[in-house]
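Examination of the molecular architecture
Here are the chains, one letter per residue:
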Amino acid sequence: STQSTWDNMADDLAPENIELQQQSSSLASSVKSFVSGGFGGICAVLVGHPFDLIKTRLQTAPPGTYSGALDVTSKTIRADGLRGLYRGMGPPLIGVTPIFALSFFSYDLGKKLVYAATPNRADQTLNLTELSIAGFFSAIPTTLVAGPAERIKVLLQLQGQSESGPKYSGPVDVVRQLYKEGGMRSIFKGTGGTLARDGPGSAAYFAAYEVAKRSLTPAGSDPNDLNIMTTITAGGLAGMANWALAIPPDVVKSRYQGAPEGTYKSFMDCARKTVAADGVGALFKGFGPAMARAFPANAAVFVGVEMSQSLLNMVM
């Protein structure tokens, strides 16, 4: 029996078995990242959508329409009731689950690529630059889903402030009308702008979360152990770091995606005309609501991600 035990251990240590175990572990971590990211995304939309609607309306309304975030809120509630604050929530709720799932999956993949590119590293803990590279990488595949979802969301959010009544009956109707107007190109309009926002934003987002979590973890404790208060604080700070970088490209993206066809030749043309017409300050419109949303919505993301990861670790 001692011989069979040694034989089993030798089998386990065989190079092909070690490789299979590593592949299985890598696949499990990718699946967990995908599922927990999707759950985190749902949490983000439920908490953050009203703030997002206020931000989009502030960014895109003609000068003088609103005096500030509170004015947008009161006019929206007066026109549509509390339901008005959740106008256009369908696309992000449907779209955000795969978007966040893909984002966290791609971030996990980005970290693996960093490790693969540095095989002889002495320290297994990724530094700030490496976390930022993995974070930026996460935005590239995610943008292919996020770009069209953002386009649909912006058009639905904006129609509530026009006098002529709704142009679209819902997300499917937006897709149908956009396809009729300009084919797939119209549906994907502003996708480059979405990457300009989400690349640097995601680099700051994931790096800030990891660094904040490490610094908030008491000495002698493992940053990977679930601590709700640490997760809330680090997640909220990550969201604020993201939006501190993302607001100017987000303003341009929202205007470009929400404008009638032919208003702007490109994302950069929209940026130039926005600054020429309204000054550099226009690029920071909606900064208040974005920051007010950033902390609670992203705290909700990471609480959802970490809790679902803990549950998945028990079963996988």
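Please read all numbers here as calculations on a predicted model, not as lab measurements.

This next bit is on the pattern of salt bridges. Per the stated rule, a full pass over the model turns up 19 salt bridges. Residue Lys55 is joined to Asp52 by a salt bridge in which the shortest nitrogen-to-oxygen separation is 3.4 Å. One end of the pair, Lys55, and the other, Asp52, are both in helix H2 (residues 15-60), three residues apart, so they sit about a helical turn from each other. What makes Asp52 buried here is its relative accessible area of 5%. Connected through salt bridges with shared partners, the residues Asp52, Lys55, Glu150, Lys153, Arg197, Asp198, Asp250 and Lys253 form a single ionic network.

Before going further, it helps to spend a moment on helix H6 (residues 171-187). Here H6 contains 17 residues, and its C-alpha end-to-end distance of 11 Å is more than 12% below the 24 Å for a straight helix at 1.5 Å per residue. Of all the bends found along H6, the most pronounced is centred on Glu181 and spans about 110 degrees. Within H6, burial applies to Asp173, Val174, Gln177, Leu178, Gly183, Ser186 and Ile187. Those residues of H6 that are buried are in contact with helix H5 (128-158).

Once that is clear, we can look at the layout of surface pockets. Put simply, the largest pocket is a space of about 940 Å³. Lining the largest pocket are 29 residues, and of these Lys111, Glu210, Lys213, Asn224 and Gln309 lie nearest its centre. Secondary structure elements with two or more residues in the lining of the largest pocket: H2, helix H4 (90-117), helix H7 (191-216) and helix H10 (287-315). The residue makeup of the lining of the largest pocket, split by class, is eleven nonpolar, eight polar and ten charged.

What counts and what doesn't
Residues numbered from 1 in each chain as written. Predicted model: local features only at pLDDT ≥ 70, side-chain atom pairs only at ≥ 80, totals over all residues. Heavy atoms only, no water. Salt bridge = Lys/Arg side-chain N within 4 Å of Asp/Glu carboxyl O. Helix = DSSP H or I, 4+ residues; strand = E, 2+ residues; numbered from the N terminus. Buried < 20%, exposed > 50% of the residue type's maximum accessible area, 1.4 Å probe, protein only. Expected span 1.5 Å × (residues − 1). Bend = angle between axes of the 7 residues up to and from the residue. Contact = heavy atoms within 4.5 Å. 1 Å grid on protein atoms, 1.4 Å probe; cavity = no way out; pocket = protein on both sides within 12 Å on 5 of 7 lines; lining within 4 Å. Points joined across faces, edges and corners; volume = space filled by probe spheres on them. Nonpolar A, V, L, I, M, F, W, Y, C, P; charged D, E, K, R; others polar.

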